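# Commentary on secondary and tertiary structure
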Amino acid sequence: MPSTDETFSQQRQNMVQQQIKARGIKDSRILSALTNVARHAYVPQSRQRLAYNDGPLPIGHQQTISQPYIVAYMTALLAPKAQDTILEIGTGSGYQTAILSLLCKHVFTIEFIPQLALKAKQINDASGYKNITYLSADGSMGWPAQIQFDAIMVTAAAPLTPQPLLQQLKPFGRMLIPVGERFQQLLQYWQHVGDEFVKHEYLSVMFVPLKGQQGWQ
Ligand code: SAM
């Protein structure tokens, strides 16, 4: 039997209770965003019944939508504020983009694969998430204009921290990025403090590779 909106809504509430809240994410704005965004709309129809499972899923073009908990964890670490302008590198399905758009003023998002960028925009437009600017390009060099961001989230893994991205952080701006080996990385959190960039390392993660000038060849 095909799933109904009601079934998906129930699955989404269970996902938030069992995978997100139970693992310690308590921020009510983030929990509310995860409860509201229809994750099944961002995966291929053949995988929709798995959309609220505790793991990543393929979205085509050898790319993935991240595990719900990782989306929540990274969002909580970045701690978006209502007035923030955020840059996301790796739009992918557009799901994380939608979550961020509900928590800040504006999201700029870059996706390397044009077909994914287009699809993400179509889904988010149809869902009414409008405070988003999309670009299909190599995001490893940052947004191609002189804009500075309150926060940057990179959802693909880099071999080294891309300096052009750090340079696009406002004073006190923060950036999250997985950095390390091809199949295992550490989630790095950077903050722009005075003339310096201060780094903390968090969870061990496995993301698809960041391509482009500052990524994997
Ligand atoms: N956050 C996404 C979501 O919610 O579906 C998942 C992103 S997926 C793990 C990583 C994405 O980064 C892929 O879609 C990939 O094409 C993209 N990517 C890789 N290198 C990139 C680059 N240099 N610039 C922009 N996007 C890139």
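To be clear, the structure that these remarks concern was listed above.
These numbers were taken from a predicted model, which means no experiment stands behind them.

### Observations concerning the overall build of the chain
In terms of regular secondary structure, the chain is built from six helices and nine strands. Its C-alpha radius of gyration of 16 Å places the chain within 12% of the 17 Å reference for a compact globule of 217 residues. If you line up the chain on its principal axes, its C-alpha atoms span 55 × 35 × 35 Å. Taken across its 217 residues, the chain has 50% of its residues classed as buried.

### Points about helix H3 (residues 68–78)
In terms of burial, H3 is largely enclosed, as ten of its eleven residues are buried. Those residues of H3 that sit buried are Pro-68, Tyr-69, Ile-70, Val-71, Ala-72, Tyr-73, Met-74, Thr-75, Leu-77 and Leu-78. Ala-79 sits one or two positions beyond H3 and adopts a positive phi of about 50°.

### Examining the packing of helix H1 (residues 5–20) against H3
Packing of H1 against H3 leaves a shortest axis separation of 10 Å and a crossing angle of 70°. One way to sum up the angle between H1 and H3 is to call them roughly perpendicular. Handedness of the H1/H3 crossing: right-handed. Residues Met-15, Gln-19 and Ile-20 of H1 form the contact with H3, whose participating residues are Pro-68, Tyr-69 and Ala-72. Across the contact of H1 with H3, the residue classes break down as five nonpolar, one polar and no charged.

About the thresholds
- Residues numbered from 1 in each chain as written.
- Predicted model: local features only at pLDDT ≥ 70, side-chain atom pairs only at ≥ 80, totals over all residues.
- Heavy atoms only, no water.
- Helix = DSSP H or I, 4+ residues; strand = E, 2+ residues; numbered from the N terminus.
- Rg over C-alpha atoms; globule rule 2.2 N^0.38 Å.
- Buried < 20%, exposed > 50% of the residue type's maximum accessible area, 1.4 Å probe, protein only.
- Axes fitted to C-alpha atoms, helices over the stretch in contact; angles between N-to-C directions.
- Parallel < 35°, antiparallel > 145°, perpendicular 65-115°, else oblique.
- Left-handed = near helix turned anticlockwise from the far one by under 90°.
- Contact = heavy atoms within 4.5 Å.
- Nonpolar A, V, L, I, M, F, W, Y, C, P; charged D, E, K, R; others polar.

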